[in-house]
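What follows is each chain in one-letter form.
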Amino acid sequence: MTLQRILENYNGENPGIKTNLARMLIHGALANTGKMVILPVDQGFEHGPDKSFGSNPCAYDPEYHITLAIEAGLSAFAAPLGMLEATADKYAGQIPLILKINSSTLLNSNTLDPYQAIYASVESALKLGCIGIGFTIYPGSDSYTNMIESLAPIIEQAKQFGLICVVWAYARGSGIKKIHETALDIVSYAAHMACLLGAHIVKVKPPTYNLLQNPALDKSYPKDCFNSNDEKIAQTAAIKHIIKSCFNGKRMVIFSGGAATDEQNLLKTIECIKDGGGNGSIIGRNAFQRPRKDALLLLKQIINIYK
């Protein structure tokens, strides 16, 4: 899909938003393909620095990540406030930046439903030269309504200043069993809610082909989603359904790389995302937890699949 056709899906937004979307889509090795690969590094918040960076000690340094994204020719770099404050000045203009404005930690009581605390602002994103903000929502959490009520004025302000909004939509909480967090109907629901909140770009986990509901009772899902004889056909069909749930493809959808996995499985998933019409990937741990040489090679392979 051409850049102009993608931007037409955002008619009604102000010119600043469309310009910032274009800045990302014309940057890096995937420029003008309608696809993107983003490096997110918020895992220090979410999982702790040692669990995130201990396997590759160079990654404790914020500069390691932004230079990895630049060298790999990625579309954007997404990170929390402190990491961007440590790097944005030195590498200004070399890669589009997205400020992640909320996070959770592993130190919270496991008796509480998951919640994301807001720790950064639209003003910070503007000061750092970011093209947009990113934030996580947890549909399925008892804290979900509080999260969206807190985020609503920030989303409105970001849009007034022409910043794009990237929403990490992860179904999680006491309302969702762990096994169903990536169920097709649950991921579809979470992705659609992100669009309704005003997301320009939706980030979700690649869906599995099971349903929380009985698939025999619901005719809205393509039969290929449950093709037990061909996993690739099933996952590609599931990706297509997630794209459909995001305003019939009128909002860009990117998929997470998830926990560290072997290269073969990751690349197989990337192929399904591409074949299913996904707009790209946001790859964190599967990149920076590898030695830099291996990370660059992997990211090049991912970019070549999307090309």
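Scroll up a little and you will see the structure.
Residues numbered from 1 in each chain as written. Predicted model: local features only at pLDDT ≥ 70, side-chain atom pairs only at ≥ 80, totals over all residues. Heavy atoms only, no water.

A. Main features of the environment of Tyr91. Structurally, the position occupied by Tyr91 is in the loop between helix H6 (81-85) and strand E3 (97-100). It is 31 Å that separates the C-alpha atoms of Tyr91 and Ala152, two residues lying 61 residues apart in sequence. Contacts of Tyr91, omitting those with residues within four sequence positions, involve Glu63, Ile66, Thr67 and Ile70. (Helix = DSSP H or I, 4+ residues; strand = E, 2+ residues; numbered from the N terminus. Contact = heavy atoms within 4.5 Å.)

B. Region of interest: the pairing of strand E1 (residues 36-40). Within E1, 5 of the 5 residues are buried, which leaves the element mostly enclosed by the surrounding structure. Here E1 shows a buried face lined by Met36, Ile38 and Pro40 and a second buried face lined by Val37 and Leu39. Where E1 lies against strand E10 (residues 280-282), 3 bridges are found, and the strand directions are parallel. Counterpart to Val37 in the pairing with E10 is Ser281. Across 3 bridges, the pairing between E1 and strand E2 (residues 76-79) is parallel. Residue pairing for E2: Pro40 is matched across the bridge by Ala78. (Buried < 20%, exposed > 50% of the residue type's maximum accessible area, 1.4 Å probe, protein only. Pairing = 2+ DSSP bridges.)

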